[in-house]
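Each chain, letter by letter, is given below.
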Amino acid sequence: MFWRPEDTLVFEYDAGFDRRPPLAVVVPANAGEISRCVQAARRAGVAVVPRGAGTGLSGGTIACGDAVVVATARLRAIESIDPVARVAVVEPGVPNLAVSTAARAHGLFFAPDPASQRVSTVGGNIGTNAGGPHALKYGSVVDHVLAVEMVLADGTIATFGGTAPDLPGYDCVPLIVGSEGTLGIVTKAWLRLLPLPEDVRTFLAEFPDVRSGARAASAIIARGIVPAAMEMLDRTTIRAVNAAFDVHLSEDAGSMLLVEVEGLVEETSGASAAIVSMCEAEGALRVRAAATQTERDLLWKARKLGYPALARIKPNSYIHDAVVPRSKVPDVLDAVNAIAERHGYTIANMFHIGDGNLHPLLLFDLRTDTIEGVMQASAEILKVAIEAGGALSGEHGIGLEKNHFMFWVFGPEDLEAMQRARAAFDPDGVMNPGKIFPGGDVCAAIPTERIKRGLAEGMWI
Amino acid sequence: MDLSALAIDGLVPSRSETPASAEEVVTLVSAAHRDQTAAVIFGGGTRISVGDAPSRYDVAIDMRGVRGVVEHSPADLVCIVRAGTTLADLAAELARHGQRWPVDVPDPERATVGGTIASAATGPSRLRHQHVRDWVIGCEAVLGDGTRVRAGGRVVKNVTGYDLTRLYSGSFGTLAVLVELSLKLVAIDERARTLAAHGDAASLAALGNTLRATLPLDGLVLATGDAAGGGAALTVRVAGGQAAVERVMREIRARGAFAEIDDAAWHALVSLPARTDRVARAAVRPGSESEVLSGSAVAHIGTGSAFVFGERSNGQISALRGRCEATGGALILERASTEQRRALGTWGAPRVPAAIARSLKARFDPHGVLAPGRLPG
């Protein structure tokens, strides 16, 4: 347990913008100890905030009010892999990538692959219902969790779901996935594994501008072709990635699609040919395939480490996670880029274009720019996405970052229905309070919270 | 209207209602909440038998009037559909744009989208496409107190608040009445073919598990006894692009004496669990489905579901339930005599902590008017 300010400092923040010191940080070794932590916190009248690797982008692991952080870092066992049932049983502190690494010996893999997968944990992935590039074909984490063991708000350890499907009673597993630690603390997960594909083809299509690349992506989906992954990188990103890695992307391209298809050889060759011809029809300058595994790995390394590469441009950045209907991507991107330009920020777009999950990244320098200005531009970006029929978040979660914007999407009855589910698990609201739901003052001491709340309430109408 | 056709385990409602809109559903459920009368929600009735007898049953609400595709956005691979639409009507509408909802369940001409989701209906296609809940991205629903709510949205990736749509999935109309669903779609496969081989059950089971381990398949069904027309039969469904389908068929044929059967035979096999009077579903570890087969039965290999058909004694059912539960599974009496259901219960050992199940029910349906008693909790 840590309580000295110098020890709790690194638990004040995640990969987003909000920060606040917790009262204390506990790092238990197993579910039984987590249960006792929750009971002790309850006796002490403080809230509990679960935390994995701290790579979250929406402030979900930040302690609001009087709260103790429960870190799952020591629960790192991969308990078993059943190659016949295709299930891995793992503890929540296991890094995402370690699951696929362990499953590989059985010809299997764990499909969700957030860019943070080398460090982000299964527990955190479950909390935010993480996605990643390959969610396009395989779906998000919720599609890959068969069961969870969880410590409930009263300290009870309960299991929901199972390896066998459709067990009697309410299916709470998909409610728990994506609940950002507000229903309990996951202490074990049964994960679905999938067979490794026979063939993988990765290629890059370069376009003169963002719009033509976005049109090609929309056309591919509209044709009913769903690649394993389809990512867009804009010019700012391409240049940053070139500067950071030895990838030699063409700097004359205005945008690039990184496309991967997986399956039987017959399927990948057919899909590749169709995708290439559609890219060319939309004006692609060049389409080139990764010839070797090394080249493929390099392209994905460039994609997954793209954000660190972009950090060379400006010291600070703000990443968004809105999702829009896929056919709206070209128009929404135009609008988003116009917002950034109007506010004078450099913008980079590197995102999951295949499922409409935008990640516009505002680049700025807090020595000269104000956080208020960044948040104003961010709220405008969210508004454009919502008005296009979209969602606030595709894979990062709502947390503290976007909770005040929830009523842009849902009416009071809709949010109250979610609160009913919450209350069934945690009637006293001791599990990760102040997250997901708008209103409430538990996090009001955080300055960025006040700014966002003002924007959410001021810009709607 | 012959209300006895709406009887559940001998209980006959005093009236039936056929709302034509979400507003009418709100009115009906609000009245039930106010008057504390109990309603059972009907779709096509293919799975209305799944569940314990309601503890009270005043009105049957037939959702088939709340039907039709509200919006199909082919370029987004998404559609919005009213809950009472049958799967066949949905398929016909989507096929105009070469798309489909990849959920294959018994009797698509009768089964509705809402009922399929509310009852977590299953079919062999889960081998490739997984659970029905994974193909629903949002909904509009009426809670037990008449509150009309939305959850999720119309985008394919979404973590904007709790995923209540998937909580309602498999809740058998006890938490909310689904009125409208947003669905995720796929393109119709270029080819879909079916192969079948006959032989002894044990070697076909081994063959089925080998095929599952080595080839991407759409469905894999091992039938025994009357369900196989005697003996045992392994049926394999393959779908995809023409070249891929031809190759997979070649590889299947190289492993056994398979002959092609037509789509109608495949659909009849998929529909067996809705066309048989006595059905118990075994939920087991994927890969072990064929271990629970006896007499007339089908195993949907790789999905974790097997169906045992025909009259079985209470002792036989209890023994099978014991075996399933001992390995973390369950045995659900989907269609049984009223006597057997009363004696053994539909569900077996409850899995969701009782306090959570009761609390969910009490909060989403405060007066207990939606199919009370049908689901544990």
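Residue indices begin from 1 for each chain and proceed along its sequence in written order. Chain A is the first chain written and ligand 1 is the first ligand written, with later ones labelled in order. Since the coordinates come from a predicted model, pLDDT governs what is reported: local features require at least 70, and pairs of side-chain atoms require 80 or more to be given and counted, while whole-chain, interface and lining totals use all residues.

Student: I would appreciate a short explanation of the overall build of chain B in the present structure.
Tutor: When helices and strands are tallied, chain B shows eleven helices and 18 strands. Its C-alpha atoms give chain B a radius of gyration of 21 Å, within 12% of the compact-globule value 21 Å for 377 residues. A principal-axis box enclosing the C-alpha atoms of chain B has dimensions of 65 × 55 × 40 Å. Contacts here follow a simple rule: the backbone-placed C-beta atoms of the two residues must lie within 7 Å. Sequence-distant contacts, at least 24 apart, represent 68% of the contacts inside chain B between residues at least 6 apart. What counts as a helix is a DSSP run of H or I of at least four residues, what counts as a strand is a run of E of at least two, and both are numbered from the N terminus. Note that the radius of gyration is over C-alpha atoms, with the globule rule given as 2.2 Å times the number of residues to the power 0.38.

Student: What am I meant to see in the overall build of chain A here?
Tutor: When its secondary structure is counted, chain A shows 15 helices and 17 strands. Radius of gyration (C-alpha) of chain A: 22 Å, near the 23 Å computed for a compact globule of 461 residues. The dimensions of chain A, computed from C-alpha atoms along their principal axes, are 65 × 55 × 45 Å. Here the C-beta atoms are placed from the backbone, and a residue counts as buried if at least 20 other C-beta atoms lie within 10 Å of its own, exposed if 12 or fewer do, and partly exposed otherwise. When burial is assessed residue by residue, chain A has 58% of its 461 residues classed as buried. Partitioning the contacts of chain A with sequence separation of at least 6, the portion at a separation of at least 24 is 72%.

Student: Looking at this structure, I do not really get the packing of helix α7 (residues 210-222) of chain A against helix α9 (residues 265-281) of chain A. What am I missing?
Tutor: When two helices pack together, their arrangement is given by the angle between the helix axes and the distance between those axes. Residues and elements named next belong to chain A. Where α7 meets α9, the axes come as close as 9 Å, and the angle between the chain directions of the two elements is 140°. By the angle between their directions, the pair α7 and α9 is classed as oblique. Crossing of α7 against α9: the hand is right-handed. Packed against α7, whose contacting residues are Ala216, Ala219 and Ile220, the element α9 presents Ile275, Met278 and Cys279 at the interface. The axes are straight lines fitted to the C-alpha atoms, using for helices just the contacting stretch, and the angles between their N-to-C directions are given from 0 to 180°. Should an angle fall under 35 degrees it is taken as roughly parallel, and over 145 as roughly antiparallel, whereas 65 to 115 is taken as roughly perpendicular and any remaining angle as oblique. Crossings are assigned a handedness: left-handed for a near helix turned anticlockwise from the far helix by less than a right angle, right-handed for a clockwise turn.

Student: Please explain the confidence of the model for chain B as it appears in this structure.
Tutor: The predicted coordinates ought not to be read in detail in places where the model reports low pLDDT. Summarising the model, chain B shows a mean pLDDT of 97, and 100% of its residues fall at 70 or more. For this predicted complex, the interface confidence score (ipTM) comes to 0.98, while the overall pTM stands at 0.97. A residue's pLDDT is the confidence the predictor assigns to it, expressed on a 0 to 100 scale.

Student: Hey, could you run me through the nonpolar core in this one?
Tutor: The tendency in soluble globular proteins is for nonpolar side chains to be buried as a group. Counting 267 residues, the largest nonpolar core has Leu178 and Leu222 of chain B as its most contacted members. No other element matches helix α13 (residues 371-387) of chain A, which puts seven residues into this core. The residues contacting leucine 178 of chain B, other than those within four sequence positions of it, are Ala83, Gly114, Ile117, Ala118, Cys139, Ala141 and Tyr168 of chain B. Each nonpolar core reported here comprises buried Ala, Val, Leu, Ile, Met, Phe, Trp, Tyr and Cys residues connected via C-beta atoms within 7 Å.

Student: Even after reading the chapter, I still don't get the domain arrangement of chain A, so can you show me in this structure?
Tutor: A common way to state how big an interface is: give the accessible area lost once the parts meet. Start and end points for every domain follow an automatic or database-based domain assignment. The domain boundaries assigned to chain A delineate domain 1 (5-71), domain 2 (78-195) and domain 3 (199-387). Taking only C-alpha atoms into account, the centre of domain 1 of chain A sits 34 Å from that of domain 3 of chain A.

Student: Please explain the interface of chain A and chain B as it appears in this structure.
Tutor: Counting residues at the interface gives 68 residues for chain A, matched by 72 residues for chain B. Sorting the residues of the side of chain A that touches chain B by element identifies β8 (157-161), α6 (173-176), α7, α9 and α14 (412-425) of chain A as the ones contributing at least two each. The element best represented in the side of chain A that touches chain B is α14 of chain A, accounting for nine residues.

Student: Explanation requested: the environment of glycine 373 of chain B in the structure shown.
Tutor: All names here are of chain B. Take glycine 373: it is sitting in the segment after α11 (354-364). In sequence terms glycine 373 and serine 55 are 318 residues apart; their C-alpha atoms lie 5.1 Å from each other. In contact with glycine 373, not counting residues within four places along its chain, are Asp52, Ala53, Pro54 and Ser55.

Student: Before we go on, may I ask you to explain the sheet that holds strand β2 (residues 47-51) of chain A in this structure?
Tutor: In sheet architecture, strand pairing relies on hydrogen bonds along the backbone and comes in two forms, parallel and antiparallel. Residue and element names in this part refer to chain A. We treat two strands as partners when DSSP finds at least two bridges between them. If you trace the three strands from one edge of the open sheet to the other, you get β1-β3-β2, paired in parallel fashion. Each of the sheet's edge strands pairs with one partner strand only, and the pair in question is β1 (24-26) and β2. Each strand axis lies, on average, 30° off the axis of its neighbour in the sheet, ignoring direction.

Student: Just to check I follow, could you spell out the sheet that holds strand β15 (residues 279-283) of chain B for this structure?
Tutor: All names here are of chain B. Reading across the sheet, the eight strands line up as β14-β11-β13-β12-β16-β17-β15-β18 and stay open at both edges, with antiparallel pairing between neighbours. The open sheet has two edge strands with one neighbour each: β14 (259-261) and β18 (330-335). Neighbour-to-neighbour, the strand axes of this sheet turn through a mean angle of 25°, independent of strand direction. Bridge analysis of strand β11 (residues 191-199) against β14 gives three bridges, and the strand direction is antiparallel. Following the sheet pairing, threonine 194 is matched in β14 by isoleucine 261. Each of β11, β12 (219-224) and β13 (232-240) is contacted by helix α6 (residues 201-214), which is oriented at about 175° to β12, the strand it contacts most. Relative to the sheet, helix α9 (residues 314-326) contacts β15, β17 (305-309) and β18, its axis offset from that of β18 by approximately 140°.

Student: Please clarify how helix α3 (residues 96-103) of chain A should be interpreted in this entry.
Tutor: Count 3.6 residues to each turn of an α-helix, and residues three or four apart come out pointing the same way. If you check which residues of α3 of chain A are buried, you get Asn96, Val99 and Ala103 of chain A. The buried residues of α3 of chain A occupy one face: seen down the axis, they fall within an arc of 60°. The arc refers to the directions leading from the helix axis to the C-beta atoms.

Student: Honestly, the environment of isoleucine 41 of chain B in this entry has me stumped. Any pointers?
Tutor: Residue and element names in this part refer to chain B. Take isoleucine 41: it is sitting in strand β2 (residues 39-42). For isoleucine 41, a count of 26 C-beta atoms within 10 Å translates into the label buried. Once the C-alpha coordinates of isoleucine 41 and histidine 300 are considered, the two residues, 259 residues apart in sequence, prove to be 28 Å apart. Those residues within four positions of isoleucine 41 in sequence are excluded, and the remaining contacts are Ile61, Met63, Gly173, Val177 and Ala371.

Student: Hey, could you run me through unusual backbone geometry in this one?
Tutor: One can expect most non-glycine residues to show negative phi and most peptide bonds to be in trans. Residue and element names in this part refer to chain A. Even without being glycine, glutamate 180 reaches a positive phi, approximately 55°. With respect to the helices and strands, glutamate 180 occurs in the loop between α6 and β9 (185-192). Overall, glutamate 180 belongs to the buried group, with 28 C-beta atoms counted inside 10 Å.

Student: What exactly am I supposed to notice about the domain arrangement of chain B here?
Tutor: Residue and element names in this part refer to chain B. As far as domains go, chain B holds domain 1 (1-188 + 349-377) and domain 2 (191-344). A C-alpha centroid distance of 26 Å is found between domain 1 and domain 2. The nonpolar class holds Ala, Val, Leu, Ile, Met, Phe, Trp, Tyr, Cys and Pro. Asp, Glu, Lys and Arg form the charged class, and all remaining residues, Gly among them, are polar. Among the residues making up the side of domain 1 that touches domain 2, the classes are represented as six nonpolar, six polar and six charged.

Student: Help me understand helix α8 (residues 263-271) of chain B, please; the structure alone is not making it clear to me.
Tutor: Turning to α8 of chain B, its buried residues are Trp266, Leu269, Val270 and Ser271 of chain B. Looking at the packing, one finds that the buried side of α8 of chain B touches β11, β12, β13 and β14 of chain B.

Student: What exactly am I supposed to notice about the pairing of strand β12 (residues 229-234) of chain A here?
Tutor: Along any regular strand the residues' side chains alternate between the sheet's two faces. Residues and elements named next belong to chain A. The element β12 is extensively covered by neighbouring structure, given that six of its six residues are classed as buried. Taking every second residue as pointing to the same face, both faces of β12 are buried, with Ala229, Glu231 and Leu233 on one and Met230, Met232 and Asp234 on the other. Examined bridge by bridge, β12 and strand β13 (residues 255-263) share six bridges and lie antiparallel to one another. For methionine 230, the partnering residue across the bridge sits in β13 and is valine 259.

Student: Please clarify how the environment of valine 46 of chain A should be interpreted in this entry.
Tutor: Relative to the helices and strands, valine 46 of chain A resides in the loop between α2 (31-44) and β2. Ignoring anything within four residues of it in the chain, the contact list for valine 46 of chain A reads Leu23, Ala41, Asp66, Ala67 and Val68 of chain A.

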